[in-house]
Amino acid sequence: MDIKTYCTILLVAGCFSSALGNSIETTPELHRHMGENVKLSCAVKTTDPGDWMFIQWKKETGEGTYMNIASMQNVVLSPDWSPNVPDHFRDHVELQKEDVLDGYALILFIEGFICSDNGTYICEVFTKSNPSPMKSQSVLFIEVDPGKPSIHQNVLQVKENDTFDIECTANVGLPPLPLSWSYTLKDSSHIYQKILDGFTQENSPTRDCTIRGKSVLTVEMREELDMATFLCATSSELSTDGSKKNYDEVVVQIYGKTTTTTSTLAPSTPERQQPDDNTGGSSTIPSSVPVILFCCLVAMFELFTRTS
Ligand SMILES: *[C@@H]1O[C@H](CO)[C@@H](O)[C@H](O)[C@H]1NC(C)=O
Ligand SMILES: *[C@@H]1O[C@H](CO)[C@@H](O)[C@H](O)[C@H]1NC(C)=O
């Protein structure tokens, strides 16, 4: 083909597509906390308001499978539910129509985001003048705050040189946070040394989006560790405040060495210093390096569902 024909084709194609001049817009990704309201908007702009137009939201239900949710035609302009949308979705989702510049939007307004709302939503627009639909998607990600971790013992008595395990479990939230271990020696005025973060292992959350995590710390009992406090947390920023408390702790004693009356245990003071964050900590406790070696660590972070 010569250059003239080529240019003519380009010109005609250009005029054609600008005459259609339709565009579609969604927010590609939305990250929201469980319980929040979420507005999924599919906005369509058109240069030809007279053209028949059909807008539809659908949700991906599996690999290549979809469920139609709702649709709207520009001649009617009131959104409608598609047949067979489950009640647990309709219950808390409102359909809305909104005017935008040069067009309108079909909106799914989710009142109180729940786990089953998570997923990929696709908006399609069909027009009379253009038989192939325009498509755009929004992926909705649910986020869940982690709960308070729990260590099953308050005090552990172990013989010197014996190896022992400390087990910590928690709802680790979504996206899942690692459980992190730290410790403080008897005389180190509650300055915590970080040991290690557990590692996460992907698995599917339960229906209510809960992921239970477990981390096991293996420690060899040495003289220096007598009366040390080990702490398991879902964040390196410790929060002591009531329901937001994000750690649990256990005091370890050498069996037969310390007096075992509870009054000698480390007090659980509300004002404590945070675990070391690269500053002062390690210089405050020179013995921390060998202790880390003693705490030869086999931390396992397993995620398992609440139901398992
Ligand atoms: C939410 O949906 C997205 C997209 O399908 C997916 O990648 C993610 O794993 C889902 N999250 C949960 C908690 O199911
Ligand atoms: C523990 O090990 C250290 C060093 O190997 C040793 O000196 C100490 O006697 C041991 N203690 C016990 C109670 O076995």
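Refer to the structure above for everything that follows.
Residues numbered from 1 in each chain as written. Chains lettered and ligands numbered in written order. Predicted model: local features only at pLDDT ≥ 70, side-chain atom pairs only at ≥ 80, totals over all residues. Heavy atoms only, no water.

S.K.: Residue-level account of the site of ligand 1, with values.
M.R.: All residues in the neighbourhood of ligand 1 are listed as Asn118, Gly119, Thr120, Val139, Leu140, Phe141, Ile142, Leu174 and Pro205. One nitrogen or oxygen atom from the side chain of Asn118 is found 2.4 Å from an oxygen atom belonging to ligand 1. In this structure, Thr120 approaches ligand 1 through a side-chain N or O atom, which is 3.5 Å from an oxygen atom. Coverage of ligand 1 by the protein chains reaches 57% of its 360 Å² of free accessible surface. Broken down by secondary-structure element, the contributors of at least two residues to the shell around ligand 1 are strand S9 (119-127) and strand S10 (134-143). The element best represented in the shell around ligand 1 is S10, accounting for four residues. In terms of residue class, the shell around ligand 1 is built from six nonpolar, three polar and no charged. (Near = heavy atom within 4 Å. Polar contact = N/O pair within 3.5 Å; in protein donor to acceptor, adjacent residues only side chain to side chain. Areas by Shrake-Rupley, 256 points an atom, 1.4 Å probe, with all protein chains shown as cover. Helix = DSSP H or I, 4+ residues; strand = E, 2+ residues; numbered from the N terminus. Nonpolar A, V, L, I, M, F, W, Y, C, P; charged D, E, K, R; others polar.)

S.K.: So, the sheet that holds strand S6 (residues 80-81): which residues are in play, and what are the values?
M.R.: What the six strands build is an open sheet, ordered S2-S10-S9-S4-S5-S6; its pairing is mixed. If you trace the sheet from one side to the other, it starts and ends with strand S2 (29-33) and S6, each paired once. Looking at chain direction, strand S4 (residues 53-62) and S9 are connected through seven bridges and run antiparallel. In the strand pairing of S9, Lys58 is matched with Ile122. (Pairing = 2+ DSSP bridges.)

S.K.: Explain the layout of surface pockets to me, and be specific about the residues and the numbers.
M.R.: By volume, the largest pocket is sized at about 240 Å³. Looking at the largest pocket, the residues that line it are His31, Cys115, Asn118, Phe141, Ile142, Glu143, Leu174, Pro175, Pro176, Pro205, Thr206 and Cys209. Here the lining of the largest pocket gathers at least three residues from each of two domains, domain 1 (15-143) and domain 2 (155-254). (1 Å grid on protein atoms, 1.4 Å probe; cavity = no way out; pocket = protein on both sides within 12 Å on 5 of 7 lines; lining within 4 Å. Points joined across faces, edges and corners; volume = space filled by probe spheres on them. Domains from an automatic or database assignment.)

S.K.: So what's going on with the nonpolar core? Residues and values would help.
M.R.: In terms of nonpolar packing, the biggest core is built from 55 residues, with Ile55, Leu108, Tyr121, Ile166 and Phe230 touching the most fellow members. A domain split of this core shows at least three residues from each of domain 1 (15-143) and domain 2 (155-254). The residues touching Leu108, leaving out its near neighbours within four places in the chain, are Val38, Lys39, Leu40, Trp57, Ile69, Ala70, Val93, Glu94, Leu95 and Tyr121. Of all hydrophobic cores here, the second largest spans five residues; its members include Leu231, Ala233, Leu238 and Tyr247. (Core = buried A, V, L, I, M, F, W, Y, C linked by side-chain atoms within 4.5 Å. Buried < 20%, exposed > 50% of the residue type's maximum accessible area, 1.4 Å probe, protein only. Contact = heavy atoms within 4.5 Å.)

S.K.: Residue-level account of the environment of Ser182, with values.
M.R.: Looking at the element boundaries, Ser182 is found in strand S14 (residues 180-184). Residue classification places Ser182 among the buried residues on the basis of a relative accessible area of 3%. It is 9.4 Å that separates the C-alpha atoms of Ser182 and Glu249, two residues lying 67 residues apart in sequence.

S.K.: Give me the lowdown on the environment of Lys245, citing residues and values where you can.
M.R.: Considering the arrangement of structural elements, one finds Lys245 in the loop between strand S17 (228-233) and strand S18 (247-254). Lys245 sits in the partly exposed class, given a relative accessible area of 22%. When the C-alpha atoms of Lys245 and Lys148 are compared, they prove to be 6.0 Å apart, with 97 residues separating the residues in sequence. In this view, Lys245 contacts Lys148, Ser239 and Thr240; residues no more than four positions away in its chain are not counted.

S.K.: Can you lay out the pattern of salt bridges for me, pointing to particular residues and giving the numbers?
M.R.: Going through the model one piece at a time under the given rule, you end up with five salt bridges. In this structure, the salt-bridge partner of Glu124 is Lys135, at a minimum N-O distance of 3.4 Å. Note that Glu124 is positioned in strand S9 and Lys135 in strand S10, a separation of 11 residues in sequence. Overlapping salt bridges bring together Lys58, Glu124 and Lys135 as one network. (Salt bridge = Lys/Arg side-chain N within 4 Å of Asp/Glu carboxyl O.)

S.K.: Can you explain the packing of aromatic side chains? Please cite residues and give values.
M.R.: Evaluation of the coordinates by the stated rule reveals five aromatic pairs. Ring geometry for Trp57 versus Tyr121: centroids 6.5 Å apart, planes at 85°, classification edge-to-face. Taken together, the residues Trp57 in strand S4 and Tyr121 in strand S9 connect sequence positions 64 residues apart. A relative accessible area of 0% means that Trp57 is categorised as buried. Using a relative accessible area of 0% as the deciding quantity, one classes Tyr121 as buried. An aromatic cluster is present here, built from Trp52, Phe54 and Phe126 joined pairwise through their rings. Positioned over the ring face of Tyr66 is Lys58, at 4.6 Å from the centre of the ring. (Phe/Tyr/Trp six-rings, centres within 6.5 Å; stacked < 30°, edge-to-face > 60°. Lys NZ or Arg CZ within 6 Å of the ring centre and 35° of its normal.)

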